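Topology and contacts: notes
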Amino acid sequence: MKKIVTIAVSLLLVFNLPAQIKLNETLVFSGAYAISGMMTNLAQLTMSTDLLKTSKKSYLHLSIVAATFQKWDSYFKIRDLYESYVDPTTFKPTLYKRNVYEGGYTKTETYTFLPDGKSIKSVSQRKKGPVNTHILNVTPNTLDVVTLIYKLRTVDLSRLQPGQSLAFKIIFDEKEYPVWIKFLGKENVSAGNLGKKLCYKLSILAKTDKLKGKDKNIIWLSADNKKIPCMVEFSIPVGVGRLNLLKAEGV
Amino acid sequence: MRIFWIVISIIFGVLGIVFTILPMGTIAFLPAGIAFLAALIAFLISEKNKRKFSRLLLIISVLILVVIGGKKIFQKDTVKVEQQFIQQKEESEKEAQKELEDLENLK
């Protein structure tokens with residue numbers, strides 16, 4: 001009986017979910033980083049969705065896992081986990097968790113989006129340092145980075161003209177940043193097991209020193225109703241890299 | 001001049017071996033390729049009775065290139081499945097459920 005209720009709830013949720021995002025979908029990317037000007041495969045990035053039920057509500061659990069390939073683990077091991085729990089229909093985040101392990105450096109962050117809609121409770125810890133708790137004032141509709149990626153997939157991009165931008169606000173490292181997503185045009189991009197896909201080419205612009213260069217942080221979303229991220233190029237203070245979609249399941 | 005190319009070939013050959021041992025992927029082709037070219041030049045400009053060492057360097061650099069190519073073709077990129085990380089993810093989800101329930105009770 002419990003199983004039937006769970007399936008029924010899941011089905012209801014599926015029908016309420018935006019058409020672009022499916023429950024239990026998995027996107028696997030290969031992450032390459034430029035070393036001496038050549039792209040070297042360094043890590044795997046997995047984006048997945050599932051359902052989390054509490055006694056009163058159901059949440060869409062969005063998670064991103066970054067892990068170095070085994071051959072790199074002895075030199076620089078990465079095991080990063082980014083998670084967000086959002087309302088399945090509005091994509092409003094309730095809880096964001098970040099658990100970082102990068103070559104011995106650890107960091108945990110938890111943002112609880114408080115019911116007043118304009119404040120976030122942040123609990124963070126670097127390495128084995130003290131646990132810091134803050135209340136951050138934010139503008140309503142502020143998103144975390146994980147939610148932003150998924151939210152972008154629910155936006156109608158078909159009416160955008162090249163050069164036009166969409167504005168968002170995100171919270172990262174306990175700071176709120178304005179982010180603009182600029183539509184650059186359409187391009188064909190290789191999308192792993194999905195073959196070649198015509199994609200929306202979008203530039204991510206943010207007032208932060210964490211992203212470098214103009215139009216050097218780009219995401220390609222398939223120009224269909226699923227808007228699957230097919231490729232990502234990023235330029236950060238320590239170099240440039242690229243994510244290529246290898247496998248898309250359950251989309 | 002012959003000595004110069006031999007030295008270059010040795011330096012880049014050693015770098016090529018180091019890069020091949022490290023998981024550097026296609027980047028290892030760069031020093032190994034330079035080592036091969038330097039060895040080839042040294043071989044071509046050497047007198048016939050002095051080609052032994054440059055021939056050896058040429059063979060070594062070709063072997064390095066073959067190993068790099070083989071690694072690229074046959075060694076697949078895989079992520080080690082770690083029980084500890086899986087457990088960490090499960091614990092994180094359990095914590096999240098509790099935190100979300102606490103938050104719901106606040107409303």
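Each chain has its residues counted from 1, following the order in which its sequence is written. All chains are assigned letters beginning at A, and all ligands numbers beginning at 1, according to the order in which they are written. Where totals are concerned, whole chains, interfaces and linings use all residues; where local detail is concerned, this predicted model gives features only for residues with pLDDT of at least 70, and gives and counts side-chain atom pairs only at 80 or more. For the side-chain quantities, the full set of heavy atoms in the structure was used; hydrogens and water were omitted.

1. Brief notes about the overall build of chain B
Looking only at helices and strands, chain B has 4 helices and 0 strands in total. Counting from the amino terminus, chain B carries its helices and strands in the arrangement α-α-α-α. Computation of the radius of gyration draws on C-alpha atoms alone. For the globule rule, the value is 2.2 Å times the number of residues to the power 0.38. For 107 residues, the compact-globule formula gives about 13 Å, and the C-alpha radius of gyration of chain B, at 26 Å, lies well above that figure. Considering chain B as a whole, with its 107 residues, one finds that 33% of them fall into the buried category. Any two residues whose heavy atoms approach within 4.5 Å at even a single point are treated as in contact. Long-range pairs, those at least 24 residues apart, make up 64% of the contacts in chain B between residues at least 6 apart in sequence. Computed with a 1.4 Å probe, the accessible areas rest on the Shrake-Rupley method; for each residue, only the protein chains presented here act as cover. Carbon and sulfur atoms make up 68% of the accessible area of chain B, which totals about 6,900 Å². Neither His nor the chain ends is counted toward charge; the positive residues are Lys and Arg and the negative residues Asp and Glu. Lys charges are placed at NZ, Arg charges at CZ, Asp charges at CG and Glu charges at CD. Mean positive and mean negative side-chain charge positions of chain B (14 and 11 charges, respectively) differ by 29 Å. Under the scheme used here, helices are H or I runs from DSSP no shorter than 4 residues and strands are E runs no shorter than 2 residues, and both carry numbers assigned from the N terminus. Only protein chains enter the area calculation, which uses a 1.4 Å probe; residues under 20% of their type maximum are buried, those over 50% are exposed, and those in between are partly exposed.

2. Some remarks on the environment of Glu102 of chain A
Residue and element names in this part refer to chain A. One can find Glu102 in strand 5 (residues 93-102). On the accessibility criterion, Glu102 (28% relative accessible area) is partly exposed. Residues Glu102 and Phe76, spaced 26 residues apart in sequence, show a C-alpha to C-alpha distance of 7.1 Å. The contacts of Glu102, once residues within four sequence positions are left out, are Phe76, Lys77, Ile78 and Asp80.

3. Section: the nonpolar core
We define a nonpolar core as any set of buried Ala, Val, Leu, Ile, Met, Phe, Trp, Tyr and Cys residues linked to one another through side-chain atoms lying within 4.5 Å. If you look at the biggest cluster of nonpolar residues, it comprises 53 residues, and the most contacted ones within it are Leu157, Phe168 and Leu202 of chain A. Leu42 of chain A together with Met24, Ile27 and Ala32 of chain B belong to the second-largest nonpolar core, a separate cluster that totals 9 residues.

4. Some words on the packing of aromatic side chains
The description of an aromatic ring pair rests on the distance of the ring centres and on the angle between the ring planes. Think of it this way: a Phe, Tyr or Trp ring, Trp meaning its six-membered ring, pairs with another when their centres are within 6.5 Å, and the plane angle makes it stacked under 30 degrees, edge-to-face over 60, tilted otherwise. As enumerated under the stated definition, the model contains 4 aromatic pairs over all chains in all. Aromatic pair Trp72 of chain A and Tyr75 of chain A: ring centres 6.3 Å apart, planes at 75 degrees, arrangement edge-to-face. Trp72 of chain A sits in the buried class, given a relative accessible area of 9%. Judged by relative accessible area, Tyr75 of chain A falls into the partly exposed class, the value being 45%. Plain terms: the ring middles of Phe4 of chain B and Trp5 of chain B are 5.0 Å apart, the flat faces sit at 75 degrees to each other, and that makes the pair edge-to-face. Since its relative accessible area comes to 42%, Phe4 of chain B is described here as partly exposed. Only Lys NZ and Arg CZ are tested; either one counts as a charge over a ring when it is within 6 Å of the ring centre and within 35 degrees of the ring normal. Over the ring of Phe43 of chain B we find Arg51 of chain B, and its NZ or CZ is 4.6 Å from the ring centre.

5. Concerning the packing of helix 1 (residues 2-21) of chain B against helix 2 (residues 29-45) of chain B
Residue and element names in this part refer to chain B. The geometry of helix 1 relative to helix 2 is characterised by a closest axis approach of 7 Å and an angle of 155 degrees between their N-to-C directions. Here helix 2 runs roughly antiparallel to helix 1, going by the angle between their axes. When you trace helix 1 past helix 2, the crossing you get is left-handed. Taking contact as the criterion, the partners of Arg2, Trp5, Ile6, Ile8, Ser9, Phe12, Gly13, Leu15, Gly16 and Phe19 in helix 1 are, on helix 2, Pro31, Ala32, Ile34, Ala35, Ala38, Ala39, Ile41, Ala42 and Ile45. To define axes, lines are fitted to C-alpha atoms, for helices over the stretch in contact only, and angles between the resulting N-to-C directions are given on a 0 to 180 degree scale. If an angle is under 35 degrees, it is roughly parallel; if it is over 145, roughly antiparallel; if it lies from 65 to 115, roughly perpendicular; otherwise it is oblique. Note: crossing handedness is left-handed where the near helix turns anticlockwise from the far helix by less than a right angle, and right-handed where it turns clockwise.

6. Comments concerning the layout of surface pockets
Residues and elements named next belong to chain A. As defined here, a cavity is a set of points on a 1 Å grid over the protein atoms alone where a 1.4 Å probe fits but cannot get out. A pocket is an open set with protein on both sides within 12 Å along at least five of seven lines, and residues line them when an atom is within 4 Å of a point. Grid points are joined across faces, edges and corners, and a volume is the space filled by probe spheres set on the points. The volume enclosed by the largest pocket comes to roughly 1,800 Å³. In terms of lining, the largest pocket is formed by 49 residues, of which the most central are Tyr82, Phe172, Leu211, Phe234 and Ile236. Grouping the amino acids of the lining of the largest pocket by side-chain chemistry returns 37 nonpolar, 4 polar and 8 charged. We call Asp, Glu, Lys and Arg charged. Ala, Val, Leu, Ile, Met, Phe, Trp, Tyr, Cys and Pro are nonpolar, and the rest, Gly among them, are polar.

7. Observations regarding the packing of helix 2 of chain B against helix 3 (residues 52-74) of chain B
Residues and elements named next belong to chain B. Where helix 2 meets helix 3, the axes come as close as 8 Å, and the angle between the chain directions of the two elements is 155 degrees. With respect to helix 3, the axis of helix 2 lies roughly antiparallel. Where helix 2 crosses over helix 3, the handedness of that crossing is left-handed. Mapping the contact onto sequence places Phe29, Ala32, Gly33, Ala35, Phe36, Ala39, Leu40, Ala42 and Phe43 in helix 2 and Ser54, Arg55, Leu57, Leu58, Ser61, Val62, Ile64, Leu65, Ile68 and Gly69 in helix 3. Residues of the contact of helix 2 with helix 3, tallied by class, amount to 14 nonpolar, 4 polar and 1 charged.

8. Observations regarding the pattern of salt bridges
Residue and element names in this part refer to chain A. Salt bridge, as used here: a side-chain nitrogen of Lys or Arg that lies within 4 Å of a carboxyl oxygen of Asp or Glu. Summed over all chains, the structure comprises 17 salt bridges over all chains. Note that Glu25 is salt-bridged to Arg153, the shortest N-O span being 2.7 Å. Within this pair, whereas Glu25 is found in the loop between helix 1 (2-16) and strand 1 (26-35), its partner Arg153 is found in helix 3 (residues 145-154), the two being separated by 128 residues in sequence. Neither Glu25 nor Arg153 differs from the other in exposure class; each is buried.

9. A few points about the environment of Thr139 of chain A
Residue and element names in this part refer to chain A. By the element assignment, Thr139 lies in the loop between strand 8 (132-137) and strand 9 (143-144). Looking at Thr139, the relative accessible area reads 30%, which means it is partly exposed. Each C-alpha atom of the pair Thr139 and Thr46 lies 30 Å from the other, and the pair is 93 residues apart in sequence. In protein, a polar contact requires one atom able to donate a hydrogen and another able to accept it; more generally it is a pair of N or O atoms within 3.5 Å, and residues adjacent in sequence count only if both atoms are side-chain atoms. A distance of 2.7 Å separates polar atoms of two side chains, one belonging to Thr139 and the other to Glu176.

Functional significance is not addressed by these values, which are geometric in nature.
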